[in-house]
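Examining the three-dimensional arrangement
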Amino acid sequence: TMMASLVVPRRWYRYLDTLNARYLGSLRAKYLNSVSIRYLDTLSSRYTASPGTLQRHFVTLVPSTSHMVADAHIKLRQQQEAVNQVMCCTPSGPLIYSRRTTSFFNKLTAEQLWKGVTSVSNAGRKQGRGKGVGKKIAKDLNRGQIIGVGQENMVWPGLNAPVIRGRELVQQKKLPKDEEREARLIKIRNTMGSFRALRLDPLDRGWCGNKMPGRSIGPPNPIEDDKFEGFDTRVLELKIVTCMTAVFGRKRRFSMFVVTGNGNGLGGFALAKATTISDVTRKVKNRAGQKLLYIERYNEHTVLHDFFTYFGRTKIFVKKMPEGYGLVCHRAIRTICQTLGIKDIHAKIEGPTNVQNITKAFFLGLIRQKTHQKLADEKQLHLVEFRKENLNFPKVVATPQSGKVRTQEEIPNNEELDFTQHIMDGKVQLVKKKYPAPYEKLPSYEIYLKKYARRRNHQKVMLNMLVEEGEYRSFYTDQYPECRPGYSSKSEEAEAW
């Protein structure tokens, strides 16, 4: 069969197939054998086959009937050409194009469109992208602009001028160009200001730059007549937490952990979550203000005694230190001590350094401290203090209130009388072994020690001399004053004059 190269509806294909089936069915029943019928079925399925090809094939197969096949094919082709002429004359239906009358460009506001272009997705924000997105402040380019007034100074009736002025109809006309318009717009835009980084005092910047942990967020809000005067709240942890819900999907919130105190032994901590920073800040500091504890201090500067505390797998060994020692500890413990008014301690952490576990363990240790009087009452013994600055002279700091003190015979042999072991619950801080430096095995180091032996205590002697005498001196100083360090004959003559 032959088909014209026209794009026609599918119903015309069905019509042609019907014609082919009828005509070829009668043809093969009359002239062809079984082999030629199968071959004719194969060729009839190809609409692009030419008459010459059909005739050549059938001459090879059935020579006696080749002229009959050619005549049949010519008649079939004439019928198809007639059908094609009918199809070309048939008018086609109207062309319909799909068109959308709305889009997100006219559904969303300008602010939402710009946010969609410049913002970062939650997945990208988790990977660290978009940290500086909120720092740029967009300038309002509409400020100073007037509707109908542009670079070309024109009068538009009904837009920037009235349609009728008095009894006259205002006409559209061009005015002289305003040379100062562009300068005025630039001046207005320059006065809008740009982003300025938050300037904080170096002591208020937190643990790491401008990050929230370590920064102050102010005192808790007053509750009726109760005002938190002198309180300060410090952030210990700020993180983003999510939970998967059936309705809203992944729900994102801020989690903040803070500690508050008045610097005089009163303090507390709290944890809160909210969807915005402002809400979680207000919520957590007010909650911390409602959970206050009073912590006993020794001489208003350190803990009452050494203690061991733990929470979970976090262990903390805290040592009482003399005045002026400072806070040698983890930064979270240092922040807690600053809010409570503790100024001198040494703290060593073993195990995980989770901020929440550290805070809970430290507060547990503080509230479990025992005063000197309580320790003396528990043991029914005198509590005696030995201080290095007092040359380890014994000083009784507490006596049992009952007045009854146990004698040596009344104390069992297996009772722990060591104060450090009693308050540390038998725990011993892990101290790593110190290995000698590699250079100490060299012969040159032995030579150095021999040369240094003559002056190895000079620094201590000089320091003690400055404390006791006020100057460097020897037993020759009075006899030979020129041996004093920094001596000058001119200065002596000036004093004599």
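It should be noted that the structure appears before, not after, this text.
Residues numbered from 1 in each chain as written. Predicted model: local features only at pLDDT ≥ 70, side-chain atom pairs only at ≥ 80, totals over all residues. Heavy atoms only, no water.

**A few points about the overall build of the protein chain**
Scanning the protein chain from terminus to terminus reveals 16 helices and 14 strands. Restricting the contact set of the protein chain to residue pairs at least 6 apart, pairs at least 24 apart contribute 52%. (Helix = DSSP H or I, 4+ residues; strand = E, 2+ residues; numbered from the N terminus. Contact = heavy atoms within 4.5 Å.)

**Regarding the nonpolar core**
Counting 25 residues, the largest nonpolar core has Ile316, Val318, Ile333, Ile345, Phe362 and Leu366 as its most contacted members. For this core, the element with the most residues is helix 11 (residues 355-367), which contributes six residues. If near-sequence neighbours (up to four positions away) are discounted, Phe362 is found in contact with Phe307, Thr309, Ile316, Val318, Ile333, Ile336, Cys337 and Ile345. In terms of nonpolar packing, the next biggest core, distinct from the first, is built from eleven residues, Val235, Met256, Ala270 and Ala272 among them. (Core = buried A, V, L, I, M, F, W, Y, C linked by side-chain atoms within 4.5 Å. Buried < 20%, exposed > 50% of the residue type's maximum accessible area, 1.4 Å probe, protein only.)

**Thoughts on the packing of helix 10 (residues 331-340) against helix 11**
Where helix 10 meets helix 11, the axes come as close as 10 Å, and the angle between the chain directions of the two elements is 45°. Classed by the angle they form, the pair helix 10 and helix 11 counts as oblique. You can see that helix 10 and helix 11 cross each other, and the crossing is right-handed. Along its contact with helix 10, which presents Ala332, Ile333, Ile336, Cys337 and Leu340, the element helix 11 presents Val355, Ile358, Thr359, Phe362, Phe363 and Leu366. (Axes fitted to C-alpha atoms, helices over the stretch in contact; angles between N-to-C directions. Parallel < 35°, antiparallel > 145°, perpendicular 65-115°, else oblique. Left-handed = near helix turned anticlockwise from the far one by under 90°.)

**Thoughts on helix 12 (residues 372-379)**
Burial in helix 12 covers these residues: His372, Leu375, Ala376 and Lys379. What you see down the axis of helix 12 is that its buried residues fit within an arc of 100°, all on one side. Just past helix 12, the residue Gln380 takes up positive phi, approximately 55°. (Arc of directions from axis to C-beta.)

**Remarks on the pairing of strand 9 (residues 307-311)**
In terms of strand pairing, strand 9 meets strand 10 (residues 314-320) through five bridges, oriented antiparallel. From the neighbouring strand, Thr309 faces strand 10, where its bridge partner is Ile316. What sits between the antiparallel neighbours strand 9 and strand 10 is a turn of two residues, in which Gly312 has the positive phi angle 65°. (Pairing = 2+ DSSP bridges.)

**What about a nonpolar patch on the surface?**
A cluster of nonpolar side chains, Ile147, Trp156 and Leu159, forms an exposed patch at the surface whose accessible area comes to about 320 Å². On the secondary structure map, Leu159 appears in the loop between strand 1 (154-155) and strand 2 (164-165). (Patch = residues over 30% accessible without salt bridge, like charges linked within 9 Å, V, L, I, M, F, W, Y side chains within 5 Å. Areas by Shrake-Rupley, 256 points an atom, 1.4 Å probe, with all protein chains shown as cover. Salt bridge = Lys/Arg side-chain N within 4 Å of Asp/Glu carboxyl O.)

**Description of the sheet that holds strand 12 (residues 345-350)**
What the four strands build is an open sheet, ordered 9-10-12-11; its pairing is mixed. If you trace the sheet from one side to the other, it starts and ends with strand 9 and strand 11 (327-328), each paired once. In the packing of helix 10 onto the sheet, contacts are made with strand 10, strand 11 and strand 12, and the angle to strand 12 comes to roughly 145°. Taken strand by strand, helix 11 contacts strand 9, strand 10 and strand 12, and its axis lies near 140° from that of strand 9.

Just distances and angles here, no functional claims.
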